[in-house]
Each structure stands twice: as C-alpha cells, then as structure tokens.
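Chain residues, written in single-letter form:
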Amino acid sequence: MAKSEASVGSEDPSSSRPWESYHTVFTNAKAGMEGVDKEKVQRIVYEMSKGSKYFENEEKKEAYTKQKIENMRIQYSKLTAQDISHHQKIADKRILELEATRDLSRIWLHVDMDAFYAAVETLCNPSLKGRPMAVGSMSMLSTANYEARKFGVRAAMPGFIARKLCPELLFVPVDFQKYNHYSNLTRKVFQKYDPNFLAASLDEAYLDITSVCKESGITSGEVAKELRESVHLETGLTCSAGVAPNRLLAKVCSDINKPNGQFVLPNDRSAVVTFISSLPIRKIGGIGKVTERILKDVFGIATCEEMLQKSSSLCGLFSRSSADFFLSVGLGLGGTDTPQYRMRKSISNERTFSATSDEALLFQKLVDLSEMLSADMIKEGLFGRTLTLKLKTASFEIRSRAVTLPSYISSSEEILKHASKLLKAEFPVSLRLMGLRMSHFSEDKNGIPPDPTQKTLSSFIFSGDASGGKTSDYRPLVSNVCDNTFSVDENCCPTYCPETSCDLRVSSMENQASDSTYSCHAIGNINEELNETLVPQSSEPQPKVHEPTDTDHTIESDKVDSYVRQLEASSCDRWEVGVNCANDEAGSASNQKQLFLWVDDYKCSICGIELPPSFIEERQEHSDFHLAEKLQGEESGNHHRSFMPQQRAAQRGHTGSSSRQKKKQKPSPTASKYVPIDAFFVKTNQNF
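Predicted model, so just to flag it, every value in this text is computed and none were measured. (Residues numbered from 1 in each chain as written. Predicted model: local features only at pLDDT ≥ 70, side-chain atom pairs only at ≥ 80, totals over all residues. Heavy atoms only, no water.)

A few words on the nonpolar core. General note: in soluble globular proteins, nonpolar side chains tend to be found buried as a group. Residues Leu109, Val111, Phe116, Phe190, Leu207 and Ile209 are the most contacted members of the largest nonpolar core, which totals 35 residues. Elements represented by at least two residues in this core include exactly strand E1 (108-113), helix H5 (116-124), strand E2 (133-136), helix H8 (176-193), strand E6 (204-208), helix H9 (210-216), helix H10 (220-235) and strand E7 (239-244). Among the elements that line this core, the one with the most residues is H8, at six residues. Ile69, Leu79, Leu249 and Ala250 belong to the second largest nonpolar core, which has 31 residues in total. (Core = buried A, V, L, I, M, F, W, Y, C linked by side-chain atoms within 4.5 Å. Buried < 20%, exposed > 50% of the residue type's maximum accessible area, 1.4 Å probe, protein only. Helix = DSSP H or I, 4+ residues; strand = E, 2+ residues; numbered from the N terminus.)

Written out as structure tokens, the structure reads:
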C-alpha cells in the first residue's frame, strides 16, 4: 500500500496534463482577457503548437529557463547565514539611498489607446463593430479587439490558433499608413498638454502634466478626463489613462480601468506603498515571463512588496543594477524627470510572414523593406553607414548580418544593393521574418552630431563627463584656454563611456581650437604624498603661447632656455592630480606661466614631440619627464637642459610608433612601494 501511494505521489502531473507546464506569451492575460478560461486557452495553444518548429524552439527556451532557475537555486542554497546578514546590510543601505531619491513633486500621465489598430479599422469600417476581429493574418496577429479577447485571442498569436479559439474571428490586413495618420492626430492633442511628451509607440505616450494642473487649477484626474475627451473628439477613438507620481506607476495605472477608463494614484508616499504592496510583479514593465518565473520559483516572490522582504537574497544573487531595479519596484520608484531629447541612433523595420524558401518572394520582401526604410530615413533627414539585416528562420533561429559602408546612404537603391548581398550569402534558407536596420548616422550639414547629448571630443573634454553631467567629484584632467587667460575648469573630467567611443587620433585633429586658442594637457599625478588642495587660479591675463606652423617642428634653443628660466622662477611647488599648477597668490599671476603645454593639443611646447590626446599614459610620462629634469636640475644647481631640443624633435617619428604599440597601462606605485621621482624616470624616460 505504501508502495502504491509512493508511486502515485511520484507521478509526473505533466504526463496527463502537459499543457499546464507549457509557458508561452499567448497564455499571458492582457486587458479584456480577465474572464478567459486560461486552462482552455493553454490546452488549445499546446495542441495546435505541438510538433511545430515554434514548439521545438519553445521547448529549447523552456529547457534553458529551467536550467537557469536550477543554477540560481543552487547558488541560493549556498548562501550562509553570514552571507545573508552581509547582503541584508547592503540591501538596507541601498533601500535608504533609493528612498532618498523619491520625488512626489511631479504628476505623470500615461495614455494608452484602446486596441488601437483594431479600433482604427472599426472606425473606418463600422460593420466590424461588435464582432470579434483581429488585425493580421493566419500567420500572425498584430492586435485583437475586445470582443475577440474574450475568447483568449490576443496580439502576437498565430492566426490559425486564434481561429481555433474563436471560429467566428474576422481578419483585417495591416495598414500602417492608416495607423500613422491617426497616431499623428492623437499626438497633436498630447502636445497641447505637454509639448515635450514622450511617445512610447504609435498608441501610447507619457505626459508631464504638473504645470498644467498648477496653471489651470484643476486636479490630475480632471486633466486626464479632459485629455481623453479631446482625443475622442479629434479622432473618434477611445483611450485609457493612468496618473501617478512617476512613469513606471503611471503605465501600471493606465491598464487598470481599460478600455476607455482612467485611474489616479495620489502623490502620497503611503498611497504609493499601499498600491505597490499587492501588485503582481508581472504588471511591472521590464519584468517578463522568464524573470517572473525566476523570482517566483527561486525566491517565492509574487508581489512587489515581497521584493523588499527578500532584498538580501536579491542583492546576493543579482547584479547591482538588477538588484537596484527590483528594490526600486518594491518601493514604487520610477522616472520623474523629463529625459533629455535624444535623436535616434538607429532606424529599422521588419515584417513577419509565412515561412518560405522562395528566393524571388524573399527578394520582394527585401525590396519592400528597403523602400520603407529609405522613406523613414528621408523623412527624418538621416544618412547611415551601417546596414543590418535581421532574419528569423523557419526554425525560429535569429540571425543578424551587418555591413559598414564606405559612404553614407539613404536611397532605397543603395540600401537594396547592399542588403541583397547580405541576403544572398544566407541562401538556401527558409525565413519567416526579415528586417533592416540602419545606424551610424552622419553629422548634419552644420557638423552637429545627430544626438545632442552625444559629446564631441572638445565638448567632452571641456564641459563634463560622457553622460553630459558635471563631475565635480573628480579632478579635471585638462584646462580651458582662452585668448589671454589660462583658467582651470574644475568640473571637467573626461571619463570613458562605451556610448561615446571615438577615434581620438582623428578627432584631435578635427577639433582643433582657433588660432589663438590652445588645449592644455594636464600634468599627471607623480607623488602620492603631494598635497591635493587646489591652488587658486590666477585671474589676470597671461601671454599667448607661440603656435608652431606646419614647417616649424622644433623650438629654438634660446626660447627653450627662456621658458626654462620662467619655469624655475615659478612659485608653484605643488602638483595636482589632473590639473596644471597655478599661482600661490593671484597677485603674482602676471609673472607666471603654465608649467607645461600641449600646443594644438598634440605638440609639446618644450621639446616639440608630438603625442595625440589618446596617448594618455605616454603624455603623462612625458610631462613628468620634464618635471623630473627640472627637479634634478634644481638639486644639482645646473639650470641647463640635459638634452637638445633638435635631438628630441628628431626622435618624434620613432616615439610615435613605439607609443602607439604600447597600450597597456602601467600600475601606479603604491604608498607602500614609494619610488623616488628621479629613480622613477630612469625607468620611464627610455620610451622617449
């Protein structure tokens, strides 16, 4: 008997009801699907998909997800009580830091059109009203109206499965020209309430209505109602709205009373905490079916409040950014500031169709995509160099092929010519999706990069960090130079950012200053025992630096000697990390010089050697070399240089080539292994 009970207890439940473990996007509820028999839908989807290429691909993804969950369970089980305590302290600190960023001063409204594509088609063809209808074909649906959603039909579902769920379902082909027209009408209404609204797609947008509420003296709920009525009056379409203190919560709120409804979450911390506590994690944008399963199966997290309860585990097993996101969700935090306007960095389109290996048909699809991509680029005045071809095979394998062109293009003929070469290389192949993307856009006719927040080399160096913000926590590496005054920009800190990668060798020549303006290279950190207090910068004008001509590759000896004497007469005896030495007193500025300059940002003003700005380490060592010679000269009483400027300049070619080969950064000496400056340069000056 016990054996029989054990056998029953160990029976795999999926053997009799295998569809219960079949997780696909089709079984996730959308607005209008609340009363749907989920088990029936899941069973039909399973039966209709079984044996197909899609089913095989889903099985592979399911196996990968299960393995990922199992690996995380193993890691979770290895956490000791000491580990949990340690990560809990980290989590508590992060929660306090995140809570300090809470902003309840803004009012955000998220507006979402109701079944947009289907609603537009019904508006244009009133006979479809009240009948279950979907936009798309037997191969794939773009959306479905609310009558069809009652049967479990939804977007991204194959049409043949939708027809099985709803035999009376009507199909309407996609017409993006029509949808763009109505989208533009809605955006005209949005602009009246927020000229800087954020369009998330054709049918949804985020609006900051803080100023509208204050100026009009009406509540956020009244603004939302007024906006929805204006959209209906302008387009004949309905929309739903959500109002909240931040964008993340506003999007959640807009989905609560769909269709043609609204929900307002007050700008009150207790109201936000109460609202978020029982909210299912899947309602949060950014948490998909895989993340949802990991959080549920590994940590037992089903609601947003439980993220805070399991904060130590999240901090222990996830990266810093992922853990911060989960903790922010648990606190109900989201974006409140209006993001800076960013020009697009790529433009693309793609189309799904029935799987085919017909080369003529595939080329025709490519022609259509090329024309659509070209039209979009011409509309926005874009020219690109990198063309990417996206393919999804009949077995749902994703392939991506790209080519970077020698010139910028936008015409459909040029796009088709290069895209055809990429496609031909894949034959023979059976495809069900094809897409084209253009990126690496050219600068406009005024030389301004397409993205206004993308730094040029000069603005990157002189204004702030790569993200556009000021970095007062760092010492500046260069100083701003005007016609008559040398001044240090204390907010300047060039930092590396992958999004602003560029060829500094080229940019340094293209971004040279005017005839009377020079870029001053900073003098590096030499001695860790030096005082790090900034010396007040002189405000009095200083003489201009001689600008070498193209043929003037060396500096005359008498000018060098004169400059050396000025260096020795300088009262500056402190060297800062990343800044040029300034005067101890502003009153003595008229007799002072900057200790070291890179003329035109690449040529040494003392010996004439040329080093591009990208050679950061080499330039640091070179400036330190001159400093060491000065210090050694002062110690020995010999004020003459131990090298000839002409000899130094003659070695420029050799130095440039050797410097380009040496990329690896040398570790700086630690405090416990202090190296005297004269001994340090015995090792480093061999590079020059």
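Right, picking up where we left off after that structure.
What follows concerns a nonpolar patch on the surface. A surface patch of nonpolar side chains, amounting to about 250 Å² of accessible area, comprises Met48, Met138 and Phe160. Among the secondary structure elements, Met138 is positioned in the loop between E2 and strand E3 (141-144). Of the residues examined, Met138 reaches a relative accessible area of 42% and is grouped as partly exposed. (Patch = residues over 30% accessible without salt bridge, like charges linked within 9 Å, V, L, I, M, F, W, Y side chains within 5 Å. Areas by Shrake-Rupley, 256 points an atom, 1.4 Å probe, with all protein chains shown as cover. Salt bridge = Lys/Arg side-chain N within 4 Å of Asp/Glu carboxyl O.)

Here we take up the packing of aromatic side chains. Counted by the stated rule, this structure contains 13 aromatic pairs. Between Tyr46 and Phe55, the aromatic rings sit 5.6 Å apart at their centres with planes inclined by 70 degrees, giving edge-to-face as the arrangement. An identical accessibility class is assigned to Tyr46 and Phe55; each is buried. Their ring planes at 75 degrees and their centres at 5.1 Å tell us that Phe318 and Phe326 sit as a pair that is edge-to-face. Overall, the relative accessible area of 19% leaves Phe318 in the buried class. Pairwise contacts between aromatic rings join Tyr76, Phe299, Phe318, Phe325 and Phe326 into one cluster. Stacked on the ring of Tyr146, the Lys or Arg Arg149 has its end atom at 4.6 Å from the ring centre. The side chain of Arg385 reaches across the aromatic face of Tyr408, ending 5.8 Å from its centre. (Phe/Tyr/Trp six-rings, centres within 6.5 Å; stacked < 30°, edge-to-face > 60°. Lys NZ or Arg CZ within 6 Å of the ring centre and 35° of its normal.)

Backbone hydrogen bonds hold the strands of a sheet together, and the pairing may be parallel or antiparallel. The strand order across the open sheet built from four strands is E9-E12-E10-E11, with neighbouring strands paired in antiparallel fashion. The open sheet has two edge strands, strand E9 (346-356) and strand E11 (398-409), and neither has a second partner. Going across the sheet, the axis of each strand differs from the next one's by a mean of 15 degrees, ignoring polarity. Relative to strand E12 (residues 431-441), strand E10 (residues 384-393) runs antiparallel, the two being bridged by nine bridges. (Pairing = 2+ DSSP bridges. Axes fitted to C-alpha atoms, helices over the stretch in contact; angles between N-to-C directions.)

So, on to helix H2 (residues 38-49). When the terminal C-alpha atoms of H2 are compared, their 16 Å separation across twelve residues agrees well with the 16 Å that a helix rising 1.5 Å per residue should span. Within the sequence span of H2, burial applies to Val41, Gln42, Ile44, Val45, Tyr46 and Ser49. Contacts made by the buried residues of H2 are with helix H3 (53-77) and helix H7 (159-165). For H2, the N-terminal capping position is held by Asp37, with its side-chain oxygen 3.3 Å away from the main-chain nitrogen of Glu39. (Expected span 1.5 Å × (residues − 1). Contact = heavy atoms within 4.5 Å. Polar contact = N/O pair within 3.5 Å; in protein donor to acceptor, adjacent residues only side chain to side chain.)

Before going further, it helps to examine the sheet that holds E1. The five strands are arranged E5-E6-E1-E7-E8 in an open sheet whose pairing can be described as mixed. Each end of this open sheet is capped by a strand with a single partner; those strands are strand E5 (198-201) and strand E8 (262-264). Strand-to-strand twist in this sheet, taken as the mean axis angle between neighbours without regard to direction, amounts to 15 degrees. Note that E5 and E6 share three bridges and pair antiparallel. In the sheet register, Leu198 faces E6, and the bridge partner there is Tyr206.

Take the confidence of the model for the chain next. Of the residues in the chain, 63% reach a pLDDT of 70 or more, and the chain-wide mean stands at 74. Here residues 1-14 scores under 50 on pLDDT; set against residues more than four positions off or in separate chains, the count is one contact. Confidence drops under a pLDDT of 50 for residues 462-557, and excluding neighbours within four residues, the segment shows 214 contacts in the predicted structure. (pLDDT = per-residue confidence, 0-100.)

Right, let's get into the packing of helix H17 (residues 359-380) against helix H18 (residues 412-424). Orientation of H17 relative to H18, taken along the N-to-C sense of each, is 140 degrees, at an axis distance of 9 Å. Taken together, the axes of H17 and H18 are oblique relative to one another. For the pair H17 and H18, the crossing hand works out as right-handed. Only Ser412, Ile415, Leu416, Ala419, Ser420, Leu423 and Lys424 of H18 make contact with H17, whose side of the interface consists of Leu362, Phe363, Leu366, Val367, Ser370, Glu371, Leu373, Ser374 and Met377. Per-class residue counts for the contact of H17 with H18 are ten nonpolar, four polar and two charged. (Parallel < 35°, antiparallel > 145°, perpendicular 65-115°, else oblique. Left-handed = near helix turned anticlockwise from the far one by under 90°. Nonpolar A, V, L, I, M, F, W, Y, C, P; charged D, E, K, R; others polar.)

The next thing to look at is the environment of Ser183. Residue position: Ser183 is located in helix H8. Separated by 63 residues in the primary sequence, Ser183 and Val120 have C-alpha atoms spaced 9.9 Å apart. Once residues within four sequence positions are removed from consideration, Ser183 is found in contact with Phe116 and Leu202.

The next thing to look at is the pattern of salt bridges. Evaluated as defined, the whole model comprises 25 salt bridges. In this structure, Glu70 engages Arg73 in a salt bridge whose closest nitrogen and oxygen atoms are separated by 4.0 Å. Taken together, the residues span about one helical turn, with Glu70 and Arg73 both in helix H3 at a distance of three residues. The exposure class assigned to Arg73 is partly exposed, which follows from its relative accessible area of 38%. Connected via shared salt-bridge partners are Arg94, Glu97, Arg320 and Asp324.

This paragraph deals with the environment of Met72. As for its position among the elements, Met72 is in helix H3. Along the sequence, Met72 and Phe318 sit 246 residues apart, while their C-alpha atoms lie 9.7 Å from each other.

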